[in-house]
Amino acid sequence: MTSAADTAPAARKPKRDRTHYLYIAVIIAVAAGIAVGLAAPDFAVGLKPIGTGFVNLIKMMISPIIFCTIVLGIGSVRKAAKVGAVGGIALGYFMVMSLVALGIGLVVGNILEPGSSLAVTDAVKDAGHAQVDPEVKGTTEFLLGIIPTTIVSAFTNESVLQTLLVALLAGFALQGMGSAGQPILRGIEHIQRLVFRILAMVMWAAPIGAFGAIAAVTGSAGVDALKSLAVLMLGFYVTCFLFVFIVLGILLRVIAGLNIITLFKYLGREFLLILSTSSSESALPRLIAKMEHLGVSKPVVGITVPTGYSFNLDGTMIYMTMASLFIADAMGTPMSLGEQIPLLLFLLVASKGAAGVTGAGLATLAGGLQSHKPALVDGIGLIVGIDRFMSEARALTNFAGNAVATVLIGTWTKEIDKGRVDQVLAGQLPFDEKTLLDDAHGGPDDGQAEVPEQGGEKELAKA
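Residues numbered from 1 in each chain as written. Predicted model: local features only at pLDDT ≥ 70, side-chain atom pairs only at ≥ 80, totals over all residues. Heavy atoms only, no water.

**Digging into the overall build of the chain**
Rules: Comment: elements are numbered from the N terminus, with helices defined as DSSP H or I runs of at least four residues and strands as E runs of at least two. Only heavy atoms matter for contacts: two residues are in contact if any of them lie within 4.5 Å across the pair. Computed with a 1.4 Å probe, the accessible areas rest on the Shrake-Rupley method; for each residue, only the protein chains presented here act as cover.
The helix and strand tally for the chain stands at 22 helices and zero strands. For the chain, contacts bridging at least 24 residues in sequence account for 84% of all contacts bridging at least 6. On the chain, roughly 19100 Å² of surface is accessible, and the fraction owed to carbon and sulfur atoms is 67%.

Given below as structure tokens:
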């Protein structure tokens, strides 16, 4: 017994050391990308496909990971009502936090008034109209779009919500099958292990992807654009920082009793990945794995994280608020408070309808203004040059909001093992970077508060 216990920690150390060097390489690649972008802008812009390719490699893993996580989580829980409660609480929380983020952006935007000193040229107007995406859907089309054409097409349409729907149906079906569904659950568990192992392999390309992405962003946004729009950028970054560390930090401390800095330290590699790729989706699969390892139950993680990536976009809410006010000031038509509130509420709804659109922040803003206040579309071209730099703050804030939301909803629904949370955050239970799963414990769902309630089904899933 003693020798086996001594052997397990020794086997984990080399895995952490190897991936530690990987993320050091990511930091070096980011620095090199910035240097290349500043020294040779035209060459750097041509490196954009490298970053895009890496992000696409990770995106191809998102649907199977979400499917496996939700099916395994729901299929091993006896009470179906518990899943519905998680979804209802999650959607209610997302809506409240979106309104809070809009309100904070509204206050800061009115105080700074960063667009008052800029002029809109014909070239800027053309650039603004070019951002209007004709494919942005209305609310009705968005809701109908959640239903896939076939079960298989949900995995090929790059729609997280379609995958979520199919996974929920499959999970409830397996739940209703009882013991007859256990062989299928075991098969899906093996598929999940395979998918996470592939993801761990893909992550070794992170330094190359980070270099290409950062070089392209730095090369495409000239230094002059950064200087002229520095007030908007800095204001947006400071607002996101205050929202995360004050609003979310207080909620996490009061409700879950956790320090937000400790949680973010645990998620440090994911934040680095987002910073280097400007895409919060690049960290979605790892967030699912890490939240399960932290001690949040699979049903909560499987429902909260994918839904949050479409509905809990705190950074995007702040961005759209400040950008709208900035554009209105730059156009010489500042909006009164009575005009601002209806526009922002409209953008709140529009952002849900445009979930999943590439470059969602700028595309949603352009589509929303086109529908609600067309005269402001001319000014969108003013922020095109710095949008990619602002997208990093958007992505980091969205990711932070969804990480905190998962812990909070797990606490409210009593689907979190607080003892395990303390151990993980203290570094006593290190995350397995090689498999992204807790193989030593028979699966990532172990250690949850649900074990006694799940009874025989849980034991069968472990077999």
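**Here we look at helix H13 (residues 268-277)**
Structurally, the α-helix is built with 3.6 residues per turn, so residues lying three or four positions apart point the same way. As a reminder of what qualifies: Between buried and exposed lies partly exposed: a residue is buried under 20% and exposed over 50% of the maximum accessible area for its type, with that area taken using a 1.4 Å probe on protein chains only.
Counting buried positions along H13 gives eight out of 10 residues, so the element sits mostly inside the fold. Buried within H13 we find Arg269, Glu270, Phe271, Leu272, Leu273, Ile274, Ser276 and Thr277. Just downstream of H13, Ser278 is the residue with a positive phi angle, here 60°.

**Here we look at the packing of aromatic side chains**
To describe a pair of aromatic rings, one takes the distance between the centres and the angle between the planes. Note the threshold: Geometry of aromatic contacts follows a simple scheme: Phe, Tyr and Trp rings, the Trp one being its six-membered ring, pair when their centres are within 6.5 Å, and the pair is stacked under 30 degrees between planes, edge-to-face over 60, tilted otherwise. Counted as over-ring charges are cases with an Arg CZ or a Lys NZ within 6 Å of the ring centre that also lie within 35 degrees of the ring normal.
Tallied over the entire structure, the rule returns eight aromatic pairs. An angle of 70° between the planes, with centres 5.8 Å apart, marks the rings of Phe236 and Tyr319 as edge-to-face. Of this pair, Phe236 sits in helix H11 (residues 230-256) while Tyr319 sits in helix H16 (residues 314-330), and the two are 83 residues apart along the sequence. Residues Phe236 and Tyr319 agree in their burial class; the two are buried. Every member of this aromatic cluster is reached through a ring pair, and the members are Phe241, Phe245, Phe264, Phe271 and Phe399. In this structure, Arg394 is placed above the aromatic ring of Tyr319, and the distance from its NZ or CZ to the ring centre is 4.2 Å.

**A closer look at the pattern of salt bridges**
Convention followed: Salt bridge, as used here, is a side-chain nitrogen of Lys or Arg placed within 4 Å of a carboxyl oxygen of Asp or Glu.
This model, assessed by the stated rule, comprises three salt bridges. In this structure, the salt-bridge partner of Arg193 is Glu189, at a minimum N-O distance of 3.2 Å. Of this pair, Arg193 and Glu189 both sit in helix H8 (residues 182-202), separated by four residues, roughly a single helical turn. Arg193 gets classed as partly exposed once you look at its relative accessible area, which sits at 22%. Lys290 is paired through a salt bridge with Glu270; the nearest N and O atoms lie 3.2 Å apart. Residue Lys290 is located in helix H14 (residues 284-294), and its partner Glu270 is located in helix H13; the two are separated by 20 residues in the primary sequence. A single burial state applies to Lys290 and to Glu270, both of which are buried.

**Quick word on the packing of helix H3 (residues 48-75) against helix H7 (residues 160-177)**
Formally: In this analysis an axis means a line fitted to C-alpha atoms, helices contributing only their contacting stretch, and an angle means the value between N-to-C directions, from 0 to 180 degrees. An angle below 35 degrees is read as roughly parallel, one above 145 as roughly antiparallel, one from 65 to 115 as roughly perpendicular, and any other as oblique. Rotating anticlockwise by less than a right angle from the far helix to the near helix defines a left-handed crossing, while the corresponding clockwise rotation defines a right-handed one. We call Asp, Glu, Lys and Arg charged. Ala, Val, Leu, Ile, Met, Phe, Trp, Tyr, Cys and Pro are nonpolar, and the rest, Gly among them, are polar.
Look at H3 against H7: their axes get within 8 Å of each other, and the N-to-C directions meet at 30°. Taken together, the axes of H3 and H7 lie roughly parallel to each other. By crossing handedness, the relation of H3 to H7 is classed as right-handed. Across from Ile62, Ser63, Ile66, Phe67, Ile70, Val71, Ile74 and Gly75 in H3, the residues of H7 making contact are Val160, Thr163, Leu164, Val166, Ala167, Leu168, Ala170, Gly171, Phe172, Leu174 and Gln175. Split into classes, the residues belonging to the contact of H3 with H7 amount to 14 nonpolar, five polar and no charged.

**Focus on unusual backbone geometry**
The phi angle at Lys414 is positive, at roughly 60°, despite the residue not being glycine. The topology assignment puts Lys414 in the loop between helix H20 (387-412) and helix H21 (418-425). For Lys414, a relative accessible area of 68% puts it in the exposed group.

**Observations concerning H3**
Inclusion rule: The span one expects for a helix is its residue count, reduced by one, times 1.5 Å. One axis fitted to the seven residues ending at a residue, another fitted to the seven starting there: the angle between these axes is the bend at that residue.
For H3, which comprises 28 residues, the first-to-last C-alpha distance of 41 Å matches the rise-based estimate of 40 Å (1.5 Å per residue) to within 8%. The largest bend along H3 reaches roughly 30° and is located at Ile62, with the proline Pro64 sitting one to four residues downstream.

**Considering the packing of H11 against H16**
Between H11 and H16, the shortest axis-to-axis distance is 10 Å and the interhelical angle comes to 145°. When the axes of H11 and H16 are compared, the crossing they make is right-handed. Listed contacts from H16 to Leu232, Gly235, Phe236, Thr239, Cys240 and Phe243 of H11 are Asp314, Gly315, Ile318, Tyr319, Met322 and Phe326. Residue composition of the contact of H11 with H16, grouped by class: eight nonpolar, three polar and one charged.

**A few points about the environment of Phe196**
Within the secondary structure, Phe196 sits in helix H8. Spatially, the C-alpha atoms of Phe196 and Met61 are 8.3 Å apart, while their sequence positions differ by 135 residues.

**Considering the side chain of Thr321**
As a reminder, the rule being used: Under the rule applied, a polar contact is a pair of N or O atoms within 3.5 Å (in protein, one hydrogen donor and one hydrogen acceptor; residues adjacent in sequence only if both atoms are side-chain atoms).
With respect to the helices, strands and loops of the structure, Thr321 is situated in helix H16. When its relative accessible area of 0% is taken as the criterion, Thr321 is described as buried. A distance of 2.8 Å separates the side chain of Thr321 from the backbone oxygen of Met317, its partner in a polar contact. Other than its neighbours up to four places away in sequence, Thr321 contacts Leu102, Gly105, Leu106 and Leu344.

**Considerations on a nonpolar patch on the surface**
Counted only if it meets this: Exposure above 30% relative accessible area and the lack of any salt bridge qualify a residue for a patch; like charges then connect within 9 Å, and the nonpolar side chains Val, Leu, Ile, Met, Phe, Trp and Tyr within 5 Å.
Together, Val238, Phe241, Leu242, Phe245, Ile246, Ile250, Val254 and Ile261 give the surface a local cluster of nonpolar side chains, amounting to about 760 Å² of exposed area. Along the chain, the position of Leu242 falls in helix H11. The partly exposed category is assigned to Leu242, whose relative accessible area is 38%.

**Quick word on the environment of Val166**
Structurally, the position occupied by Val166 is in helix H7. Residues Val166 and Val152, 14 residues apart in the sequence, show an inter-C-alpha distance of 9.1 Å. Residues within four places of Val166 in sequence aside, it is in contact with Phe67, Pro148, Ile151 and Ala154.

**So, the confidence of the model for the chain**
Put simply, the rule reads: pLDDT is a per-residue confidence score from the predictor, ranging from 0 to 100.
In the predicted model, the chain carries a mean pLDDT of 75, and the fraction of residues at 70 or more is 75%. Averaged over each element, pLDDT in the chain is lowest for helix H22 (residues 451-462) (38) and highest for helix H12 (residues 260-266) (92). Every residue in residues 119-132 scores below 50 in pLDDT, and together they form 25 contacts with partners more than four places removed in sequence or on other chains. For residues 353-358, every residue scores under 50 in pLDDT, and the model assigns this stretch 10 contacts once sequence neighbours within four places are set aside.

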